[in-house]
Each structure stands twice: as structure tokens, then as C-alpha cells.
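# Chain and residue survey
Below are the chains, spelled out letter by letter.
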Amino acid sequence: MGRSMLKKSIFSGLIIIVLATAPLHAQDSFFNRFKPDEVNIQYAGSIGFLSAGAGYHFFKKKTTLSFHVGYVPENLGGEMTILAVKFEYKPFAIKIKDKIIIHPINPTFFPSYTLGQNFDFKFEKPQYRRGYYFWSSALRLHLAFGTEVKLLTNKKSKIKALSLYAEANTNDLYMISWFKNRELAAFRDIFKMGYGVKMYF
Amino acid sequence: MKKALFCGVFLLFAFGCNSDEYSPNQVFNRNTEKDVNAREITSLPQKPVGTPIKIVISGDTQRSYKEAIAFVNHVNTRSDIDFVILNGDISDFGLLSEFESILKIYNGLKVPFISIIGNHDLVANGRAIYERMFGPLNFTFNYAGVRFVCHDTNGREYNFNGTTPNLTWLKNNFKLNSETTHLVAISHVPPTDGDFDPALVNPYENLFNQTPGLIASIHSHRHGKLETHYQHGKGIPFLITNAIVNSAYTILNIKNGQINAEEINF
């Protein structure tokens, strides 16, 4: 099995696990304990052409911790598999009757890690002396702002809500470059978009 | 209520549509230019063999967009330049956004520009980005009877495995024909630098000094004042040029197999 084949199968395996474990039946106590509060599929947003994630809610559902696996196919930007862990905070919720909740701005922080031989956590000795390249090629630290429109379902339904979201993110290296050239470009120019759908349980 | 809904939906799309990104490390997006070196080489005017030529060596643009813009504006005020060389470290972190920003600035040049790989351009997916955007890492082109031999000397990025610079490729391409009378070698890391494969320094300098018709070897990388190195104090000059990050470039005058270099600060 080739390297890329292996990556592809790991990736599809993870997606299947995420999707399959999400609606698992309540009596299965082991899975129930780890059953996510939400699952999502995202387009772009700097963690893959497509990514899938599962998240857990904390602090009166105002905070979400979620885990994502993303994939970029070769013909859409060079093959890459990316892992990300998102910390999302939802300070505002605008309720419209019992049907819709709008979260206008959700500050989010997420590290992402790109897998593959071109990417390393750090540039290792002895090939590079300490500080030769100061950054990590695999690990990016992202700052993001999301907007979410949540459509509530029937209270008895297993799926509590469906939502659409957009997320603008930037990362450590983009911010370093922006700071050096801040007269040339607006801060918002270094933000990149992603769009997704979420399912709440 | 309606207002709130409207605001939410507006915010959802307010950031615009053209900035969806799959990864900071993606090799290309739908707008990324391809094979820029081939395009620029094709746009070089035809000049008879032996015509004196004047070229600009610029290197190490990295994230210095302000200096790169000032450089392009400066060169565009001159009318005596045949073409520009962008001699490596186009990017800093090896990211597509950096390559694209510098390409956009250099596309503003009135004369053709040819880009060569630097060590920073080989970081992360940089190599694949360079190959798709500019072309092969080792390549040649002819202008006014001079064959320019552009090549990768970033040995440290290959962990000094003896492959870079590729001496076999160089030997095969250090050849004159009916259209060429002289050779000029161009690469990023000079053989005097610690990032050059130490096992290849002597074979490389020997080869250059034994190659008939070779006028000079042009380098960047060191971000220092223009300096000239000779293998044993004589022979082929290895010219090490200053960097765009220092608001400096180098003019090369090539005439009758003679070269002279002058650093310009802008």
C-alpha cells in the first residue's frame, strides 16, 4: 500500500468513525459517555478541502472543544492530511422565537497540525542549528471568528439542531508577515474563509 | 427580529468569497500562476550574439514586500536593464501566500524576470510550490550569446546528501553551441557558505574553474555587501550579491566575456 493510499484509508476511516459514532444508540453506555454533543462537516477554513469534526460543550454550552480531521486532495492543492483542535467561545446568542438562534461572533482558537514528510514539529539538529528556522512547519496556531445560524428542531428529536456557519481564520505566520508589512495590507486581508454545517445532539 | 436575522446572514458572508483556503501549506489554488519562468524566458527579446548586456540580480525578498515594491518601482525607472534575476529566498516560510505576494510585485516589472530556488523556498511544501509556479529547479536559458545556467545549491535542505548542487547536471549543461559564446552560472547559496554541501565545495569550484567560456558564478543568500570570492585567489569570480531585504540589488554588465558588478542601494 502506497503512502498516499494509506493516508486516504486512515482519513476515510476517521470520517466513518466520526459519522458512525455520532448517532449511536443511547443504551451503549461506553459510546454514550463519549458521544459528542455536535458533529460537523466543513469546507475550507485552512484545515482541509473538507474536514469532519466532533465536539463537546462546556460552561452552559457557551464553549465548545472539538476535534477535526481534514484532507486536501492532490488535484485541489497538493495532498495533505491535517488535524485540528478547536476552542470556540459563543458569547452572544440572539433567539428568534423557538426556531432560530444566531451566534453573531464566536472567537475561536485552534492549533492545526499538517501530517507528512514535508512537515516537522521543529527543524531538527544536526541538519539545522538551533534557531536556524524559528518556526514549526507542521504546527500552525490559528485565530478565528465564526458566525453561526442554528435552526432548532422539534424538542423530542434526537437531533436538537442543525446549523450553518462561516469562519474566518488567520495563523501565527500570516500575523508575523502582516505585522512586518502592516502599512501595505489591512488586518482582515490575512483572514481566510471556511464554511460548514453542524448537527447538535 | 428580522433585523437580527439579516445581520447574522450578512456577517456569514461579509468576509467575502475569494479567500477560502484549504491550508496555508496548499501548493496552489485556482488563481495560482504556472510555469512563470518559461513565460518570462519566452518574453526575452532576441539580441545578436555578443551584444553587451546589463542585468539586475535581486535576491532574498522573503517577507520584505515594502522593499520589493520599492525595488520594482526603482528598476522600472531605468531603461537600460535587459532582465531581472530573482535569486532565491522568494519566500520565508515556504508558504504559497508568500510566493504569490512576491510574484504579484515582480509581475509589475517592465522587463522579464527569472526566478531561482533558495533555501527558504524548500521549506514545507515550498519545493512543490516553486516547481508548479516557476518550473524546474535546474534550468538554462540563452540571451545575446550567453547561456545562463540556473541551479539549486541549497545543500543543507537535503541534509548534505551529496545530490545538491547536481554536478552531473552542471557538467552536462556547461556546454556552448553555435548560438552561445559564454556561460554564466546563477544559484542562491555560494560555495563559501555553511549551507553549501561541504563535500561538494571543492568539486564545484574545480568544475567551474575548468569550464571553458564560464565568465562568473552569481550568488545571494548572505545578505551582505557585494563581495567576490576566488577559489585560490584567481580564476572564476564567485560574486555574492546583497539582498532586497537590505534595499540593495546588483547590476551586472557583461561584454566580450568580461563581467563587472555594481551594488545599487535604493
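Residues numbered from 1 in each chain as written. Chains lettered and ligands numbered in written order. Predicted model: local features only at pLDDT ≥ 70, side-chain atom pairs only at ≥ 80, totals over all residues. Heavy atoms only, no water.

### Description of the overall build of chain A
Summing up its helical and strand segments, chain A has 3 helices and 9 strands in all. Counted from the first residue to the last, chain A has its helices and strands arranged as α-α-β-β-β-β-β-β-β-β-α-β. Expressed as a percentage of the 201 residues in chain A, the buried residues total 45%. Long-range contacts, defined as pairs at least 24 residues apart, comprise 55% of the intrachain contacts of chain A with a sequence gap of at least 6. Here chain A has roughly 11100 Å² of accessible surface; of this, 66% comes from carbon and sulfur atoms. (Helix = DSSP H or I, 4+ residues; strand = E, 2+ residues; numbered from the N terminus. Buried < 20%, exposed > 50% of the residue type's maximum accessible area, 1.4 Å probe, protein only. Contact = heavy atoms within 4.5 Å. Areas by Shrake-Rupley, 256 points an atom, 1.4 Å probe, with all protein chains shown as cover.)

### Description of the nonpolar core
It is characteristic of soluble globular proteins that their nonpolar side chains tend to be buried jointly. Counting 58 residues, the largest nonpolar core has B:Val84, B:Tyr106 and B:Phe148 as its most contacted members. Take this core: its biggest share by element is 6 residues, from helix H4 (residues 96-106) of chain B. Those residues within four positions of B:Val84 in sequence are excluded, and the remaining contacts are B:Val56, B:Ser58, B:Phe71, B:Val75, B:Tyr106, B:Leu109, B:Val111, B:Pro112, B:Phe113 and B:Ile114. By size, the runner-up hydrophobic cluster in this structure holds 27 residues, among which are A:Ala44, A:Phe119, A:Tyr132 and B:Val123. (Core = buried A, V, L, I, M, F, W, Y, C linked by side-chain atoms within 4.5 Å.)

### What to know about the pattern of salt bridges
All names here are of chain B. Enumeration over the complete set of coordinates arrives at 19 salt bridges over all chains. Ionic pairing is found between Glu40 and Arg39, a salt bridge with its closest N-O pair at 2.9 Å. Among the salt bridges present, the one from Asp80 reaches Arg78, with a minimum N-O distance of 2.9 Å. Residue classification places Asp80 among the partly exposed residues on the basis of a relative accessible area of 30%. The class for Arg78 is partly exposed, based on a relative accessible area of 25%. (Salt bridge = Lys/Arg side-chain N within 4 Å of Asp/Glu carboxyl O.)

### Section: the sheet that holds strand E9 (residues 238-240) of chain B
Residues and elements named next belong to chain B. If you walk across this open sheet you meet the 6 strands as E4-E5-E6-E7-E9-E8, and the pairing is mixed. Here the strands that pair on one side only, and so sit at the sheet edges, are strand E4 (139-143) and strand E8 (227-229). Here the strands of the sheet are splayed against their neighbours by 20° on average, with no regard to which way each runs. Judged from the 5 bridges that link them, E4 and strand E5 (residues 146-151) form a sheet pairing that is antiparallel. Considered in E5, the bridge of Tyr143 is made with Val146. Packed onto the sheet, helix H7 (residues 201-210) meets E5, strand E6 (182-187), strand E7 (214-219), E8 and E9 and runs at close to 145° relative to E7. (Pairing = 2+ DSSP bridges. Axes fitted to C-alpha atoms, helices over the stretch in contact; angles between N-to-C directions.)

### Remarks on the packing of H4(B) against helix H5 (residues 126-133) of chain B
Residue and element names in this part refer to chain B. At their nearest, the axes of H4 and H5 sit 10 Å apart, and the two run at 35° to each other. By crossing handedness, the relation of H4 to H5 is classed as right-handed. The residues of H5 that touch H4, namely those facing Leu96, Phe99, Glu100 and Leu103, are Gly126, Ile129, Tyr130 and Met133. Across the contact of H4 with H5, the residue classes tally to 6 nonpolar, 1 polar and 1 charged. (Left-handed = near helix turned anticlockwise from the far one by under 90°. Nonpolar A, V, L, I, M, F, W, Y, C, P; charged D, E, K, R; others polar.)

### Focus: the interface of chain A and chain B
Many authors give the size of an interface as the accessible area that is lost as the parts come together. With 53 residues of chain A in contact, the opposing surface of chain B contributes 42 residues. Interface of chain A and chain B: buried area, both sides summed, is about 4000 Å²; carbon and sulfur atoms make up 62% of it. Between the two partners, chain A and chain B, sit 1 salt bridge. Residues B:Lys66 and A:Glu183 are paired through a salt bridge, measuring 3.4 Å at the closest nitrogen-oxygen approach. (Buried area = accessible area lost by both parts, 1.4 Å probe.)

### So, the environment of A:Glu148
All names here are of chain A. Structurally, the position occupied by Glu148 is in strand E7 (residues 139-152). It is 9.4 Å that separates the C-alpha atoms of Glu148 and Gly196, two residues lying 48 residues apart in sequence. Contact partners of Glu148, with chain neighbours within four places excluded, come to Glu88, Lys90, Ile101, Ile102, His103, Asn106, Ser163, Leu164, Tyr165, Lys198 and Tyr200. Within polar-contact distance, the side chain of Glu148 engages the side chain of Tyr200 at 2.5 Å. (Polar contact = N/O pair within 3.5 Å; in protein donor to acceptor, adjacent residues only side chain to side chain.)

### Re a nonpolar patch on the surface
All names here are of chain A. A cluster of nonpolar side chains, contributed by Ile41, Leu50, Leu164 and Val197, occupies part of the molecular surface with about 310 Å² of accessible area. On the secondary structure map, Leu50 appears in strand E2 (residues 50-58). On the basis of relative accessible area, Leu50 is assigned to the partly exposed category, the value being 38%. (Patch = residues over 30% accessible without salt bridge, like charges linked within 9 Å, V, L, I, M, F, W, Y side chains within 5 Å.)

### Description of H5(B)
Residues and elements named next belong to chain B. Those residues of H5 that sit buried are Gly126, Ile129, Tyr130 and Met133. Angularly, the buried residues of H5 cover 95° about the axis, an arc narrow enough to put them on a single face. Considering only its buried residues, H5 is in contact with helix H2 (36-42), H4, strand E3 (113-116) and E4. Once H5 finishes, Gly135 follows within two positions and takes phi at roughly 130°, a positive value. (Arc of directions from axis to C-beta.)

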